[in-house]
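One-letter residues, chain by chain:
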Amino acid sequence: MKHEKSMSRRKFLGSSISGLVGAGIVGSSQAHLSAEDTDMNAKVKDYRVLGRTGFKTSDIAFGAGMLTSPQILESALDLGINYIDTGEHYMNGMSEKAIGEVIKTRKRKSLFITTKLNLNFGGKATKQNIKNRFYKCLERLKTDYVDCLMMHMARDIEQLKHEDFHTAVKELKSEGKIRFCGVSNHGPKQSIYGKMEVP
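Every value quoted in this text rests on a predicted model; they were computed, and no experiment measured them.

What counts and what doesn't
Residues numbered from 1 in each chain as written. Predicted model: local features only at pLDDT ≥ 70, side-chain atom pairs only at ≥ 80, totals over all residues. Heavy atoms only, no water. Core = buried A, V, L, I, M, F, W, Y, C linked by side-chain atoms within 4.5 Å. Buried < 20%, exposed > 50% of the residue type's maximum accessible area, 1.4 Å probe, protein only. Helix = DSSP H or I, 4+ residues; strand = E, 2+ residues; numbered from the N terminus. Contact = heavy atoms within 4.5 Å. Phe/Tyr/Trp six-rings, centres within 6.5 Å; stacked < 30°, edge-to-face > 60°.

Asks: Just checking my understanding: could you explain the nonpolar core for this structure?
Replies: Side chains of nonpolar character tend, in soluble globular proteins, to be buried together. Grouped together as the largest cluster of nonpolar side chains are 33 residues, with contacts concentrated most on Leu73, Ile84, Ile99 and Phe134. Mapped by element, the contributors of at least two residues to this core are α2 (70–78), α3 (94–103), β5 (112–117), α4 (127–141), β6 (146–151) and α6 (163–174). With 5 residues, α4 is the single largest residue contributor to this core. If sequence neighbours within four positions are ignored, Ile99 has contacts with Ala64, Leu67, Leu73, Ile84, Thr86 and Leu141. Ranked by size, the runner-up nonpolar core spans 5 residues in total, among them Phe55, Tyr83, Cys148 and Met150.

This is how it looks when you write it as structure tokens:
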């Protein structure tokens, strides 16, 4: 049973990568799955409650790390996907802008949107700096709130305790701009700690 689940996920990934190659978003050299591994019938099969949020998310999520085309997201939402993951610096803000173009025509409460701020980018991470950066995320997303704001690529325990971040989140929650807060991490080998301009 475990093998069958991993294969159907592999088939879905193959189909997704094939589509991205066709759209010119991912180069053919990045498509490591062969055509025989793909399944053009991949679709959302279930909705499950996400942690303690009470929100039922699709068993397939939309990672918008390389998104610039609203049409791709439109197709994903039409297929039943309702969880969208993005970040402030994804495609230099173009990911959030593309999402904003799509969700303005959708029922906002039917979607769970997560965006992320990397405290290692964008200058000194003061409370006001964090809030200002987040407000720009909302502008690009064309929404009044996000369901989850994550501290992106937290590098150590000390950063997880970042006082200004938690104060900013507390204030943003009281303003109704954030529902939940989280953290993302790419494991001990993550290496993107250098300077990066934020949009």
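Picking up after the structure, the text goes on.
Asks: Explain the packing of aromatic side chains here, please?
Replies: Pairs of aromatic rings are described using the distance from one ring centre to the other and the angle between the two planes. In the structure shown here, the tally under the stated rule is 2 aromatic pairs. Summarising the aromatic geometry, the rings of Tyr83 and Phe112 are spaced 5.4 Å apart at their centres and angled 10° between planes, so their arrangement reads as stacked. Note that Tyr83 is positioned in strand β4 (residues 83–85) and Phe112 in strand β5, a separation of 29 residues in sequence. With respect to burial, Tyr83 and Phe112 carry one shared label: buried. What links up through ring pairs into an aromatic cluster is the set Phe55, Tyr83 and Phe112.

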